[in-house]
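Remarks on the overall topology
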Amino acid sequence: MDNSILPQLFNHRSIRQFTTEPLTADEVTTLVKAAQHAPTSTFSQQYSLLSITDPTLKHAIGDITGHHWLESAGHYFIVIADQYRNRQLAQQAGVDPAILHSTDKFLASVFDAAIATENIVIAGESMGLGSTIMGSILNDAGRLIELLHLPELTFPLLGIAIGHPEHTPDLKPRLPEPLVHFTNQYQLPENFDNQLIDYDAQLAAYYQNRDSHRRTETFSHHITAELSRDPKVRAELATLIGQQGFKLA
Ligand SMILES: Cc1cc2nc3c(=O)[nH]c(=O)nc-3n(C[C@H](O)[C@H](O)[C@H](O)COP(=O)(O)O)c2cc1C
């Protein structure tokens, strides 16, 4: 069977350098369509996409994320959790919308948004585009909520910088299958330590040989370094999610 999807999936790399060529309106429409065709929990379509075209806004998002290179991407999306639209619908129908404030519905929005995001990434790659998903918009979610005038029952989750790639980074090796795939019960393999040593060596070689930002790093070091991040960064997320009307308790 001729399968073009698997080779494309196995060739994914995040792209952070773009030519200055903007996406055409048709390309943006195609990406939005690809997002909309993603599976959606209880068919509730509980996310929205914001195209950010205003250069001042893009610059502010660059400040929040620390990724000013997003300003040169051919297009920039913000993906938001969105129960607001369905609340409008419920209110018009005279139905109590209380459940839309629940943890369950917030999670459903996160699932929908994440899956739609990946559809944009994959569709873009099939169109010769490259992209990077950006969780770093959460570095100052409160500021972003203000900048984007997000109403209650919405929350910004991810950015997507997408455009014409100007580099082809090396593929980042993933964990060996036995460390991520178990049968029937959670069970790390007995030779976990050895598998990790091998993977650390593989990743260290990747970091040392790649074209840019070469460094000495293993996966183990990467994970422990992540843990030493300032806990105050993003500490206010649960409060902000609550302020947007979602009750996570
Ligand atoms: C939810 C999510 C958030 C991410 N946030 C960022 C980000 O803020 N900045 C960034 O440069 N890359 C971000 N990435 C991209 C990851 O760093 C990247 O996928 C990972 O390092 C693997 O590299 P690859 O995509 O090139 O295979 C994010 C990816 C995901 C799935």
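Residues numbered from 1 in each chain as written. Predicted model: local features only at pLDDT ≥ 70, side-chain atom pairs only at ≥ 80, totals over all residues. Heavy atoms only, no water.

Quick notes on the layout of surface pockets
Over the atoms, a rolled probe matching the size of one water molecule traces out where space is still vacant. Here the largest pocket defines a volume of roughly 1300 Å³. Lining the largest pocket are 38 residues, and of these Ser14, Arg16, Lys172, Tyr207 and Arg210 lie nearest its centre. Of all the secondary-structure elements, those providing two or more residues to the lining of the largest pocket are strand E3 (130-134), helix H7 (192-209) and helix H8 (219-227). Tallied by class, the residues present in the lining of the largest pocket amount to 12 nonpolar, 15 polar and 11 charged. Counting residues domain by domain, the lining of the largest pocket receives three or more from each of domain 1 (5-169) and domain 2 (172-210 + 213-249). In this model, the second largest pocket occupies a volume close to 180 Å³. Lining the second largest pocket are 13 residues, and of these Asn11, Arg13, Ile15, Glu125 and Leu129 sit closest to its centre. A breakdown of the residues in the lining of the second largest pocket according to their chemical character gives 3 nonpolar, 8 polar and 2 charged. (1 Å grid on protein atoms, 1.4 Å probe; cavity = no way out; pocket = protein on both sides within 12 Å on 5 of 7 lines; lining within 4 Å. Points joined across faces, edges and corners; volume = space filled by probe spheres on them. Helix = DSSP H or I, 4+ residues; strand = E, 2+ residues; numbered from the N terminus. Nonpolar A, V, L, I, M, F, W, Y, C, P; charged D, E, K, R; others polar. Domains from an automatic or database assignment.)

Digging into the sheet that holds strand E2 (residues 75-82)
Spatial ordering of the open sheet is given by E1-E2-E4-E3, a layout of 4 strands whose pairing is antiparallel. With one partner strand each, in any of the chains shown, strand E1 (47-51) and E3 form the two edges of the open sheet. The mean angle between the axes of side-by-side strands here comes to 25°, regardless of whether they run parallel or antiparallel. The pairing of E3 with strand E4 (residues 154-163) spans 5 bridges and is antiparallel. For Ile133, the partnering residue across the bridge sits in E4 and is Ile160. Relative to E1, helix H2 (residues 25-36) is tilted by about 165°, and along the sheet it contacts E1, E2 and E4. (Pairing = 2+ DSSP bridges. Axes fitted to C-alpha atoms, helices over the stretch in contact; angles between N-to-C directions. Contact = heavy atoms within 4.5 Å.)

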